[in-house]
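Secondary and tertiary structure notes
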Amino acid sequence: MKNKLLNIWETDLKIFCHGHYEAAVSLDRQHYYLGIPIVALSAIAGTSVFATFSINPSKYYKILVGLVSLLVAVLGALQTFLRLSERAERHRESGSRYGSLLKELEQYKITEMNEELFKEWADGFRIRWDELSAEAPTIPKRIYDNHHSIKWAAHNKKLEQSS
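Reading the values: the criteria
Residues numbered from 1 in each chain as written. Predicted model: local features only at pLDDT ≥ 70, side-chain atom pairs only at ≥ 80, totals over all residues. Heavy atoms only, no water. Helix = DSSP H or I, 4+ residues; strand = E, 2+ residues; numbered from the N terminus. Buried < 20%, exposed > 50% of the residue type's maximum accessible area, 1.4 Å probe, protein only. Contact = heavy atoms within 4.5 Å. Areas by Shrake-Rupley, 256 points an atom, 1.4 Å probe, with all protein chains shown as cover. Lys, Arg positive; Asp, Glu negative; His and termini not counted. Charge placed at Lys NZ, Arg CZ, Asp CG, Glu CD. Core = buried A, V, L, I, M, F, W, Y, C linked by side-chain atoms within 4.5 Å. pLDDT = per-residue confidence, 0-100.

Brief notes about the overall build of the protein
Scanning the protein from terminus to terminus reveals five helices and zero strands. Traced from its N-terminal end to its C-terminal end, the protein shows the element sequence α-α-α-α-α. Across the 163 residues that make up the protein, the buried fraction comes to 31%. Sequence-distant contacts in the protein: of pairs separated by 6 or more residues, those separated by 24 or more amount to 90%. For the protein, the accessible surface area stands at approximately 10800 Å², while carbon and sulfur atoms represent 61% of it. Of the charged side chains in the protein, 21 are positive and 19 negative; the average position of the first set lies 11 Å away from that of the second.

Encoded structure:
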């Protein structure tokens, strides 16, 4: 019974640990997908404004530069609003903390202890896990579902082999 519980906890911790790391990578990628165009378009708009000092640009050119500047402002506001870097860091930190719990659980799986010591350890472990779950950001559904189906399939296969 104890081993079955530890195996279930191990599977769940792997889902959360890897899910948070994948969420962090995804958010970092989104940050760059949004940030790089902002930098490029800002440079284009800025140099275009300076290029017009010596000439009298057409009305269409002025509109185009204005639209590019507006697009830069909108993308910059969106990047600020979405807080992609901050959210990625929170997922990375949560993944690390779930990883620490996973290592602790793996250590206890190979440690011999009586039922009383196990119950004491398991109660404390569960409380730390609950506290982490309350503080951690939510893993995006697509990432969670992907990890959940893969890990539980592996877990069920392991259970079938041990029976």
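Thoughts on the environment of Val-74
Here Val-74 shows up in helix H2 (residues 59–82). With relative accessibility at 48%, the residue Val-74 sits in the partly exposed group. When the C-alpha positions of Val-74 and Ile-38 are compared, they lie 9.3 Å apart, and in sequence the two are 36 residues distant.

Structural notes on the nonpolar core
Among the nonpolar cores identified, the biggest contains 16 residues, and Trp-9, Leu-13, Tyr-98, Leu-105, Trp-121, Phe-125 and Trp-129 are the most heavily contacted of them. Top element by residues in this core is helix H4 (residues 115–135). It accounts for six residues. With 10 residues, the next largest nonpolar core counts Ile-38, Val-68, Leu-75 and Ala-88 among its residues.

Quick look at unusual backbone geometry
One non-glycine residue, Arg-83, lies in the positive phi region at around 50°. The class for Arg-83 is partly exposed, based on a relative accessible area of 40%.

With respect to the confidence of the model for the protein
With 92% of its residues at a pLDDT of at least 70, the protein reaches an overall mean of 90. Of all the helices and strands in the protein, helix H5 (residues 141–162) carries the lowest mean pLDDT, 73, while helix H3 (residues 84–109) carries the highest, 97.

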